[in-house]
Amino acid sequence: MKANVNILKKIAKNLFQYGSYAIFALCAVYLTLLSLFSSSSVQLKKVMSEWEPERLEQYTFFLPDSPWKHLAACALLLFLLCFIFSFMEKKKAKIIWLFVPFLLFCIIFVFGADLYPASDPSKILRIARQIREQNFEQFEVGGYMHRYPDQSGIILLYYLVHCLFGENDYLAIQIWNVLVLAGAYFFLGRIAALLWGDKDGNVQEMTWLFCLAFFPVTMYVTFVYGTIPGLAFSILAFYMELEYMRTGKLAYGIIAAASISFAIIWKTNSLVMFIAMCLFFVYDLIMEKGERKRKTLIVIAALIVFQRLGSWAVDAAMEGLTGTEVAEGMPKTAWVSMALQETGGTPGAWDGYSVGLYEANGYDYEKTNEAAKEKIAERIHIFLDDRSYGVDFFGRKNAAQWNDPAFGSLSVVDGREENGKKKLDNLCHGPLKYRMENMANYLHSAILIGVCFYLFLGIKKQKRGEMLLGTATVGGALFHTFWEAKPQYVLPYFVLLLPYCAMGYSGMVKRMLILWKERKKDREKTGKICLSAAAGVGIICAFIGMISLLSGFRIISYTVHIQNEPEYLEQYEEAVQRDLQEYEERQE
């Protein structure tokens, strides 16, 4: 019996530490190569046909990029970080103090821009207001809440905010976003310290530095949706789970269960984080014994109970307020069927197909489900019959989501109320927009390269929960491969990469500073290390060069070297020039 238990523990360790590390490594290297060779950008593209007038529609362009520029920028960043952390060590400075100007900037940005929500955020806030006015038309058959009952949690929360702040509810929500984002960043730093602080004392500060520098997330503080709060409470849950794994204190596990349940109320996609947490609690259950095993069983039970209790409480509260039973909504298969189709702009993006299918089947769940399954089967047969097209489709879909360096952050502030639009015109359409996109492009690659540094440095002596965030990221990548494609949906998973990125750069900086300090003490050792580093750089450059040379092969051009044909690139340049010209005309 004991021998069987030991075998089970060995299998679990290999699976959760080394297996998850290998899968995470493949995902990270793939995204890094994708980022080095190309980038994605959404622009308005001219669409012409014989039977309708010329129009503009959003289109995702796949743009060529130079891996050598990104590698050079990464080298410069490494030297800059060496200087910064050497200076900090001498002056005993702390990155944590940068949270003060960060908070001030975000608060000034929120009130200065005064951006009223648009699109889905506008709809859910309006429904929350209508509930107080006893207007329940959106809960009727065919209404927004009949189609999307999963939004009940956030609408209920916004209803409470509206009761407290009235017409200024949207500003209160944005300030809430600012506060929970700062909290999310703080706990990401604490996660890094928990995992690697004993190896590297600077890893927490490095994590905070990258968090504050990753400005696409900052733009989302004005986004009146569950993206930021869902991410923040998921990160808090991760931290509490890791603390539980370290200390075995039941309170940490219970707080973790409560936090992830609240995250799901804010954003149902947080279920991906929930599943990752469950997996690692099961891992902890397998590896422990006695009193600790019983505690872990209690925590796993709490996770399931809190999640179901949260769902039940939201439904009960919504039914109590509206007097209407919460609808079943559209079947999830309708979303998958849409996510597997080509659209005018992005593969698998929103095009209204799921809603149209639901309407065409008379809002009948079962009929819609059957029709969606038929469409899914049809698309799968197409992918299997033409596997090259299948690889191309999913390659473009993943590139459109993960390889947009700004993650749609500039579009979420665009076109929202006249009182803010003029002040943000340069940010949304002018030269500032394209400068920020260029900065985001280099930052995006730098973060992924940092993750690769971690993969190289952190392969040995992994801690039990070290792959928790990485597993959630892989889960998010897998989920959105078959779900609606949009850069904002994968942004939370990209944020989870920041501690790994920070550990990678922190480890490299530590080694570079030690090498510099000891260069005169042991010249022979220093020379050997420099020679090994040069050989490593040479191998990487040769690998990058080989991919460039082989870019004509479909397996490369459909996966990591994704670029549009020249005629589409010309259309992109025309779109940019048109955008800038219209901006200049508005300034006159």
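Relevant structure appears above.
From a predicted model like this one, the values you see are computed outputs, not experimental measurements.

Definitions and cut-offs
Residues numbered from 1 in each chain as written. Predicted model: local features only at pLDDT ≥ 70, side-chain atom pairs only at ≥ 80, totals over all residues. Heavy atoms only, no water. Helix = DSSP H or I, 4+ residues; strand = E, 2+ residues; numbered from the N terminus. Rg over C-alpha atoms; globule rule 2.2 N^0.38 Å. Buried < 20%, exposed > 50% of the residue type's maximum accessible area, 1.4 Å probe, protein only. Contact = heavy atoms within 4.5 Å. Areas by Shrake-Rupley, 256 points an atom, 1.4 Å probe, with all protein chains shown as cover. Lys, Arg positive; Asp, Glu negative; His and termini not counted. Charge placed at Lys NZ, Arg CZ, Asp CG, Glu CD. Axes fitted to C-alpha atoms, helices over the stretch in contact; angles between N-to-C directions. Parallel < 35°, antiparallel > 145°, perpendicular 65-115°, else oblique. Left-handed = near helix turned anticlockwise from the far one by under 90°. Core = buried A, V, L, I, M, F, W, Y, C linked by side-chain atoms within 4.5 Å. Polar contact = N/O pair within 3.5 Å; in protein donor to acceptor, adjacent residues only side chain to side chain. Expected span 1.5 Å × (residues − 1). Salt bridge = Lys/Arg side-chain N within 4 Å of Asp/Glu carboxyl O. Patch = residues over 30% accessible without salt bridge, like charges linked within 9 Å, V, L, I, M, F, W, Y side chains within 5 Å.

### As for the overall build of the chain
When its secondary structure is counted, the chain shows 26 helices and two strands. In terms of overall size, the chain behaves like a compact globule, its C-alpha atoms giving a radius of gyration of 25 Å where 588 residues would be expected to give roughly 25 Å. On the principal axes, the C-alpha backbone points of the chain span a range of 75 × 65 × 55 Å. Expressed as a percentage of the 588 residues in the chain, the buried residues total 53%. Contacts in the chain between residues at least 24 apart in sequence constitute 79% of all its contacts with a sequence separation of at least 6. Working note: accessible area of the chain is about 27,600 Å², and carbon and sulfur atoms make up 62% of it. Distance between charge centroids for the chain: 15 Å, based on 59 positive and 58 negative side chains.

### Some thoughts on the packing of helix 2 (residues 67-91) against helix 24 (residues 523-549)
A packed helix pair is summarised by two numbers, namely the angle formed by the two axes and the spacing between the axes. Here helix 2 crosses helix 24 at 160 degrees, and the two axes come no closer than 11 Å. As judged from the angle between their axes, helix 2 and helix 24 are roughly antiparallel. For the element pair helix 2 and helix 24, the recorded crossing hand is right-handed. Residues P67, W68 and L71 of helix 2 form the contact with helix 24, whose participating residues are C541, I544 and G545.

### Considerations on unusual backbone geometry
Unlike most non-glycine residues, D114 shows phi in positive territory, near 50 degrees. With respect to the helices and strands, D114 occurs in the loop between helix 3 (99-113) and helix 4 (119-132).

### Some thoughts on the side chain of E484
Examined against the element boundaries, E484 turns out to sit in the loop between helix 21 (468-481) and helix 22 (487-495). What E484 contacts, discounting residues up to four positions off in sequence, is W335, M338, A339, G348, A349, W350, Q401 and Y489.

### Brief notes about the nonpolar core
If you look at the biggest cluster of nonpolar residues, it comprises 163 residues, and the most contacted ones within it are F24, I155, Y158, Y185, F214, F238 and Y505. Per-element accounting of this core gives the leading share, 17 residues, to helix 7 (residues 169-196). Contact partners of I155, with chain neighbours within four places excluded, come to I124, I127, A128, I131, M145 and M318. Of all hydrophobic cores here, the second largest spans six residues; its members include Y59, F61, Y572 and V576.

### Section: the side chain of H70
In this structure, H70 sits in helix 2. At a separation of 2.9 Å, a polar atom in the side chain of H70 contacts the side chain of D65. Contacts of H70, omitting those with residues within four sequence positions, involve S35, L36, D65, N441, Y442, S445 and I449.

### Observations regarding helix 13 (residues 290-322)
Between its terminal C-alpha atoms helix 13 stretches 48 Å, which fits the 48 Å expected from 33 residues at 1.5 Å a residue. All buried positions along helix 13 are accounted for by R292, T296, V299, I300, A302, L303, Q307, G310, V314, M318 and T322.

### Considering the pattern of salt bridges
Counted by the stated rule, this structure contains 15 salt bridges. Among the salt bridges present, the one from D392 reaches R396, with a minimum N-O distance of 3.2 Å. Of the two residues, D392 and R396 are both situated in helix 17 (residues 387-402); the distance of four residues between them amounts to about one turn of the helix. Look at D392 and you get buried, because its relative accessible area is 17%. On the basis of relative accessible area, R396 is assigned to the buried category, the value being 16%. Between D425 and R586 there is a salt bridge, and its shortest N-O distance comes to 2.7 Å. Note that D425 is positioned in helix 19 (residues 425-429) and R586 in helix 26 (residues 566-587), a separation of 161 residues in sequence. R586 gets classed as partly exposed once you look at its relative accessible area, which sits at 43%.

### Observations regarding a nonpolar patch on the surface
A grouping of V391, F543, M546, L549, L550, F553 and I555 is seen on the molecular surface, where their side chains present a nonpolar patch of about 700 Å² in accessible area. If one sorts the elements of the nonpolar patch by residue count, helix 24 sits on top with three residues. With respect to the secondary-structure elements, V391 resides in helix 17. Of the residues examined, V391 reaches a relative accessible area of 34% and is grouped as partly exposed.

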